[in-house]
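# Inside the fold
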Amino acid sequence: MINHFSQTIRQNMRTWLIYAGALFIIQVALAAVFNQAGAGLPGGMGMLIDLLPDAVRGFVGSRELDLLTANGALAVAYNHPLTKVTLCIFAVGLTANAIAGELERGTLDLLLARPVHRYKLLLGSSLAFLLAAVIVGAIMFLGTMIGARMGGFGQEVDWTLFGWLALNTVTLVLAMSGMGYLFSAVSQRGSQAAGWAGGVLAGMFFLEWLSTIWDKVEPLTFLSLFHFHDPTAIING
């Protein structure tokens, strides 16, 4: 298990760092954009965004966030579609190949021939992806912190709330990784598994967004993983 754990890390570390770097840049960039637009300040663009329809605010992840506060303005980056798409690609792109990819490359039989229980192989790769999810959450938190300092939000931010928000993001990544594993286990090719998992996650995102403009859909949002990634509830207490 330890050998498979370390091997998975070696094979994927560069990819992990690329996605973590992209998410770091997103956090810093969105903090800078909102600062320049005056979000978090009375009379700034945050007030104008508050006047937008729920459908538009729901799409950019700010439906119920108070953009006139520093916490609300910075939290948008965690709920922004760009962040969610990057997280989806990160989680599904890696885990979809965990089983189907080995089968496609013809290396699955070699792995199964080792004198190691099968659950230990899966556990080894799962622990590696758990580490990757924690790294991503930590990098996003660091990006928010640096973006806040650069943007002048600093003293107004409740960092405990953003710590919980980063942890909530880690659980979202793990849930999406589970989706990738599921389709990887029933697919013949990694691309096929990634396509199915990506399609289901896209449907979940659409369902969550649809609930912002159609109340009748709201009882069904428990079917979406994104329903449980809730920056609004964390930031608003």
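Here the structure is shown first, and the text comes after it.
Below is a short write-up of the structure. Being a predicted model, the structure only gives us computed values, none of them experimental.

Thresholds, definitions, all that
- Residues numbered from 1 in each chain as written.
- Predicted model: local features only at pLDDT ≥ 70, side-chain atom pairs only at ≥ 80, totals over all residues.
- Heavy atoms only, no water.
- Helix = DSSP H or I, 4+ residues; strand = E, 2+ residues; numbered from the N terminus.
- Buried < 20%, exposed > 50% of the residue type's maximum accessible area, 1.4 Å probe, protein only.
- Contact = heavy atoms within 4.5 Å.
- Areas by Shrake-Rupley, 256 points an atom, 1.4 Å probe, with all protein chains shown as cover.
- Patch = residues over 30% accessible without salt bridge, like charges linked within 9 Å, V, L, I, M, F, W, Y side chains within 5 Å.
- Salt bridge = Lys/Arg side-chain N within 4 Å of Asp/Glu carboxyl O.
- Phe/Tyr/Trp six-rings, centres within 6.5 Å; stacked < 30°, edge-to-face > 60°.
- Axes fitted to C-alpha atoms, helices over the stretch in contact; angles between N-to-C directions.
- Parallel < 35°, antiparallel > 145°, perpendicular 65-115°, else oblique.
- Left-handed = near helix turned anticlockwise from the far one by under 90°.
- Nonpolar A, V, L, I, M, F, W, Y, C, P; charged D, E, K, R; others polar.

## A short note on the overall build of the chain
A tally of regular secondary structure across the chain gives eleven helices and zero strands. Counting over 237 residues, the chain shows a buried share of 45%. By sequence separation, contacts in the chain at least 24 residues apart represent 70% of the contacts at least 6 residues apart. Summed over its atoms, the accessible surface of the chain is roughly 11900 Å², and 68% of this surface lies on carbon and sulfur atoms.

## Here's the deal with a nonpolar patch on the surface
Taken together, the side chains of Leu123, Leu127, Leu130, Val134 and Leu174 define a hydrophobic patch exposed on the protein surface, amounting to about 350 Å² of accessible area. With four residues, helix α8 (residues 118-151) is the largest single contributor of residues to the nonpolar patch.

## Overview of the packing of aromatic side chains
Applying the stated criterion across every chain yields a total of eight aromatic pairs. Relative to Trp159, the ring of Phe141 lies with its centre 5.8 Å away and its plane at 75°, an arrangement referred to as edge-to-face. Placement of the pair is Phe141 in helix α8 and Trp159 in helix α9 (residues 159-185), with a sequence separation of 18 residues. The structure contains a cluster of three or more aromatic residues connected by ring pairs, namely Tyr78, Phe141, Trp159 and Phe162.

## Description of the packing of helix α4 (residues 70-79) against α9
Relative orientation of the contacting elements α4 and α9 amounts to 15°, with a least axis distance of 11 Å. Taken together, α4 and α9 sit at an angle that is classed as roughly parallel. Handedness of the crossing formed by α4 with α9: right-handed. From α4, Asn71, Leu74, Ala75 and Tyr78 reach across to α9, where they touch Leu161, Phe162, Leu165, Ala166 and Thr169. Along the lines of polarity and charge, the residues of the contact of α4 with α9 split into seven nonpolar, two polar and no charged.

## Some remarks on the environment of Leu165
Locating Leu165 in the fold gives a position in helix α9. Filtering out sequence-adjacent residues up to four positions away, Leu165 remains in contact with Ala75, Tyr78, Pro231, Ile234 and Ile235.

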